[in-house]
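Here is how the chains run, residue by residue.
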Amino acid sequence: MEQSTFEKIYEVVKQIPYGQVATYGQVAAIAGNKRWARVVGYALHVNPDPENIPCYRVVNKEGRVSDAFAFGGRNRQVELLMAEGVKFVDGYVDMEHYQWERPVY
């Protein structure tokens, strides 16, 4: 059986290492379609398993966290990332140091 788009997205998000982040577009490209960035947002908002699918590790391309983080709001996403050692500069994730460098195939 073929994986649904959301399942593909969740599989990618599960791979983001502790202490790193990925962008919506990056997750979309790895999941199979670089145009799915908005779909990634929808999928993460309805994450069926937040304990095992670390959606808080996904930020926008500037390193901004979601104002609509579904599991406790914007501050909760910041708290979770900081607990993993991710540093923020002027309210944004320092993408130069914390962006996941997984190649897109």
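You'll find the structure just up there.
Residues numbered from 1 in each chain as written. Predicted model: local features only at pLDDT ≥ 70, side-chain atom pairs only at ≥ 80, totals over all residues. Heavy atoms only, no water.

Draft legend 1. A look at the overall build of the protein chain. A tally of helices and strands in the protein chain yields five helices and four strands. Here the C-alpha atoms of the protein chain give a radius of gyration of 13 Å, agreeing with the 13 Å that 2.2 N^0.38 yields for 105 residues. C-alpha extents for the protein chain along the principal axes are approximately 45 × 30 × 20 Å. The buried share among the 105 residues of the protein chain stands at 41%. Sequence-distant contacts in the protein chain: of pairs separated by 6 or more residues, those separated by 24 or more amount to 62%. For the protein chain, the accessible area works out to roughly 6,300 Å², and carbon and sulfur atoms hold 48% of it. The protein chain carries 12 positive and 13 negative side-chain charges, and their two centres are separated by 5 Å. (Helix = DSSP H or I, 4+ residues; strand = E, 2+ residues; numbered from the N terminus. Rg over C-alpha atoms; globule rule 2.2 N^0.38 Å. Buried < 20%, exposed > 50% of the residue type's maximum accessible area, 1.4 Å probe, protein only. Contact = heavy atoms within 4.5 Å. Areas by Shrake-Rupley, 256 points an atom, 1.4 Å probe, with all protein chains shown as cover. Lys, Arg positive; Asp, Glu negative; His and termini not counted. Charge placed at Lys NZ, Arg CZ, Asp CG, Glu CD.)

Draft legend 2. Representation of the packing of aromatic side chains in the model. On inspection of all chains with the given rule, the structure shows one aromatic pair. Aromatic side chains F6 and Y10 sit 6.2 Å apart centroid to centroid with 70 degrees between the ring planes, which places their arrangement in the edge-to-face category. With F6 and Y10 both in helix α1 (residues 5–15) and four residues apart, this pair spans about one turn of that helix. On the accessibility criterion, Y10 (8% relative accessible area) is buried. (Phe/Tyr/Trp six-rings, centres within 6.5 Å; stacked < 30°, edge-to-face > 60°.)

Draft legend 3. Examining the side chain of T23 more closely. With respect to the helices and strands, the residue T23 is situated in strand β1 (residues 22–23). Overall, T23 belongs to the buried group, its relative accessible area being 9%. A distance of 2.9 Å separates a polar atom in the side chain of T23 from the backbone nitrogen of Q26. In contact with T23, not counting residues within four places along its chain, are V58, V59, N60, K61, M95 and Q99. (Polar contact = N/O pair within 3.5 Å; in protein donor to acceptor, adjacent residues only side chain to side chain.)

Draft legend 4. Representation of unusual backbone geometry. Positive phi values are uncommon outside glycine, yet D90 reaches one of about 50 degrees. As for its placement among the helices and strands, D90 is situated in the loop between β3 (88–89) and β4 (92–93).

Draft legend 5. View of the packing of helix α2 (residues 24–31) against helix α3 (residues 37–45). The contact between α2 and α3 brings their axes to 8 Å, and the two run at 100 degrees. The orientation of α2 relative to α3 falls into the category roughly perpendicular. Residues Y24, G25, V27 and A28 of α2 form the contact with α3, whose own contacting residues are A37, V40, G41 and L44. (Axes fitted to C-alpha atoms, helices over the stretch in contact; angles between N-to-C directions. Parallel < 35°, antiparallel > 145°, perpendicular 65-115°, else oblique.)

Draft legend 6. Summary view of the environment of A29. Looking at the secondary structure, you find A29 in helix α2. Linking A29 and I9, residues 20 residues apart in sequence, is a C-alpha distance of 9.6 Å.

Draft legend 7. Local environment of the pattern of salt bridges. Scanning the entire structure with this criterion turns up four salt bridges. In this structure, K14 and E11 form a salt bridge, with 3.2 Å as the shortest nitrogen-oxygen distance. Highlighted residues: K14 and E11, both in helix α1, separated by three residues, approximately one helical turn. We note a salt bridge from R76 to E79, for which the minimum N-O separation is 3.1 Å. With a gap of three residues between them, R76 and E79 both fall in helix α4 (residues 73–83), about one helical turn apart. (Salt bridge = Lys/Arg side-chain N within 4 Å of Asp/Glu carboxyl O.)

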